[in-house]
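# What the coordinates show
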Amino acid sequence: MTNNGQRIVHKESSMPQPQMTVLEILNRTKVFFEKKGIPDARLDAEYIISYGLKMKNRMDLYLNFEKPLTPAELDVLRTMVARRATREPLQHIIGDTSFRGFIIKCDRRALIPRPETESLVDMAADCLKGIEKPFIVEIGTGTGAISIACAKEIAGAKVLATDVSEDALALARTNAEANDLAGSASEQSTNSAAEASASATSPTSTLTFAQGDLLNAVTADVIANATGASAASADLPKIDCLIANLPYIPDSEKDKLQPEVAKYDPALALFGGADGLDLVRKLLQQTEGKLKPGASILLEIGSEQGEMLKAEAEKYPWLEFTGIHKDFCNNVRFVSYKAK
């Protein structure tokens, strides 16, 4: 009240409100993610906020902690944070991931490539030392990450990437183009599998795609397209290195998966039957007569499956089981074979 009895009205709503800073939104997002059970809550918050604010990288956050955020910026971040809170993968929200330094677009069409899988490219390079223009075949390419890395890193390689999923192959072609492996598309069909091939060339290597089930996709025409040989030749090139990261999760483990995997990765890329090895065994059976003597097979597997495959090696007398290999986290991750 004033001395003359008039009421003073405080117009608090018209007073300027302090803007939230980068540091404040980062801390709030971290706490929110922790309540939602998000693994690596702080790291995911950093990636989302730096991406949403169009920063060069998440390290820029630390140079802009006191920066006030505009209402428009907060709206963008709220949408992204809400998506992650539903356990949508970070890579889907941002739209890509890095695989050996190559940017790989990610979405629901294919499994998100994991850092541990990068070791397959090193293993392939070691197996192919001294081989000029090696013919590499990847079965189940998904995003195309492994084949792209092989084509970019192994000089002169003729890389053929296959997948049973046409949607996954479309994504893989997009990634090839984004990594300067663009080429022309051609359509082919056979009695055994419908194939869609697209050839992509770097200065030293080629990358070709074909659709089909496991090695059924690798027909004479596809081999000729991938290697530059004549399809009518009686001596078509055989495979120097066969790589596969096939579905290997046992069906019984569906309920144990993280929501990011169970809800957003395609089931076709995850489950491999009762013990997870149905497709691996099927592929190994198909390799007879398809590989050059001394050629390598490199397979990603589950941590409990190495000894299982070693015990079954005699089922494939044309192959020599050459080892169980660990990833950089010291977990069993791969097995290898050599063609006799």
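These numbers were taken from a predicted model, which means no experiment stands behind them.

Before going further, it helps to spend a moment on the environment of Gly156. Residue position: Gly156 is located in the loop between helix H6 (145-153) and strand S4 (158-163). Considered as a pair, Gly156 and Ser205 are 49 residues apart in the sequence and their alpha carbons are 4.4 Å apart. Ignoring any residue separated from it by four or fewer positions in sequence, one finds Gly156 in contact with Lys133, Pro134, Thr204 and Ser205.

Structurally, Arg84 can be placed in helix H3 (residues 71-85). If we skip the residues at most four places from it in the chain, Arg84 touches Phe33, Ile38, Pro39, Asp44, Ile48, Pro89, Leu90, Ile93 and Glu260.

Our next topic: helix H10 (residues 278-286). Taken residue by residue, H10 has Val280, Arg281, Leu283, Leu284 and Gln286 as its buried positions. Considering only its buried residues, H10 is in contact with strand S3 (135-139), strand S8 (239-244), strand S9 (291-300), helix H11 (306-311), strand S10 (319-326) and strand S11 (332-339).

Our focus in this paragraph is the pairing of strand S2 (residues 102-105). Residues Phe102 and Ile104 point to one face of S2 and are all buried, whereas Ile103 and Lys105, pointing to the other face, are not buried. Relative to S2, strand S1 (residues 96-99) runs antiparallel, the two sharing 4 bridges. Opposite Ser98, over in S2, you have Ile103 as the bridge partner. Between S1 and S2, which pair antiparallel in sequence order, lie 2 residues; one of them, Arg100, sits at a positive phi of approximately 55°.

This brings us to the nonpolar core. With 35 residues, the main nonpolar core has Ile139, Leu283, Leu284, Leu299, Leu309 and Tyr337 as its most contacted residues. Non-local contacts of Leu284, meaning those with residues more than four positions away in its chain, are made with Ile297, Leu299, Leu309, Tyr316, Trp318, Leu319 and Tyr337.

Looking now at helix H2 (residues 41-52). Residues separated by three or four positions in an α-helix point in the same direction, a consequence of the helix having 3.6 residues per turn. For H2, with 12 residues, the first-to-last C-alpha span of 16 Å sits near the 16 Å given by 1.5 Å per residue. Of the residues making up H2, those classed as buried are Ala41, Asp44, Ala45, Glu46, Ile48, Ile49, Ser50 and Gly52. Taken together, the buried residues of H2 touch helix H1 (22-35), H3 and helix H4 (90-94). Downstream of H2 by a residue or two, Lys54 has a phi angle that is positive, lying close to 60°.

Here the focus is the packing of aromatic side chains. Here a ring pair, both rings aromatic, is described through the centre-centre distance and the interplanar angle of the planes. If you walk through the whole model with that rule in mind, you get 4 aromatic pairs. On the basis of an interplanar angle of 55° and a centroid distance of 5.1 Å, the ring pair of Tyr62 and Phe65 is categorised as tilted. For Tyr62, a relative accessible area of 38% corresponds to the partly exposed category. For Phe65, a relative accessible area of 19% corresponds to the buried category. With 5.1 Å between their ring centres and 90° between their planes, Phe321 and Tyr337 make a pair best called edge-to-face. You can see Phe321 sitting in strand S10 and its partner Tyr337 sitting in strand S11, a full 16 residues away along the chain. Across the pair, exposure class does not vary: Phe321 and Tyr337 are buried alike. The residue whose ring lies beneath Arg58 is Tyr47, and the NZ or CZ to ring-centre distance is 5.2 Å. Geometry around Phe271 places Lys254 over its ring, the cationic atom sitting 5.0 Å from the centre.

To continue, consider the side chain of Gln211. Relative to the helices and strands, Gln211 resides in strand S7 (residues 206-211). A polar contact of 2.8 Å, which involves the side chain of Gln211, links it to the backbone oxygen of Val164.

Moving on, we come to the environment of Arg108. Positionally, Arg108 belongs in the loop between S2 and helix H5 (119-127). The spatial distance from the C-alpha of Arg108 to the C-alpha of Leu171 is 9.9 Å, given a sequence separation of 63 residues. Apart from the residues within four sequence positions on either side, Arg108 is in contact with His92, Lys263, Tyr264 and Pro266. Here the side chain of Arg108 touches Lys263 through a polar contact of 3.3 Å, landing on its backbone oxygen.

Overall, the coordinates contain 0 disulfides when judged by the stated rule. This cysteine, Cys127, is not joined by any disulfide, and Cys241 carries the nearest cysteine sulfur, 5.5 Å off. Overall, Cys127 belongs to the partly exposed group, its relative accessible area being 32%.

All right, on to the environment of Glu88 then. Looking at where Glu88 falls in the secondary structure, it is placed in the loop between H3 and H4. Along the sequence, Glu88 and Val261 sit 173 residues apart, while their C-alpha atoms lie 8.9 Å from each other. Discounting chain neighbours no more than four positions away, the residues touching Glu88 are Arg83, Ile93 and Tyr264.

For the rest of this paragraph, the subject is the confidence of the model for the protein. On average, residues of the protein score 89 in pLDDT, and 88% of them are at 70 or above. Contacts for the low-pLDDT stretch residues 8-15, under 50 throughout, to residues beyond four places or in other chains number 2 contacts. In the model, residues 184-199 has pLDDT below 50 throughout and makes 49 contacts with residues more than four positions away in sequence or in other chains.

With that settled, the discussion passes to the pattern of salt bridges. Using the criterion set out here, one finds 20 salt bridges in the structure. Across the pair Asp75 and Arg78 runs a salt bridge, and its minimum N-O distance is 3.0 Å. Here Arg78 and Asp75 lie together in helix H3, a separation of 3 residues that amounts to about one turn. The exposure class of Asp75 is partly exposed, given its relative accessible area of 44%. Each of Asp44, Arg84, Arg87 and Glu260 takes part in one network of salt bridges that share partners.

Here is what the cut-offs are and how they apply
- Residues numbered from 1 in each chain as written.
- Predicted model: local features only at pLDDT ≥ 70, side-chain atom pairs only at ≥ 80, totals over all residues.
- Heavy atoms only, no water.
- Helix = DSSP H or I, 4+ residues; strand = E, 2+ residues; numbered from the N terminus.
- Contact = heavy atoms within 4.5 Å.
- Buried < 20%, exposed > 50% of the residue type's maximum accessible area, 1.4 Å probe, protein only.
- Pairing = 2+ DSSP bridges.
- Core = buried A, V, L, I, M, F, W, Y, C linked by side-chain atoms within 4.5 Å.
- Expected span 1.5 Å × (residues − 1).
- Phe/Tyr/Trp six-rings, centres within 6.5 Å; stacked < 30°, edge-to-face > 60°.
- Lys NZ or Arg CZ within 6 Å of the ring centre and 35° of its normal.
- Polar contact = N/O pair within 3.5 Å; in protein donor to acceptor, adjacent residues only side chain to side chain.
- Disulfide = S-S within 2.5 Å.
- pLDDT = per-residue confidence, 0-100.
- Salt bridge = Lys/Arg side-chain N within 4 Å of Asp/Glu carboxyl O.

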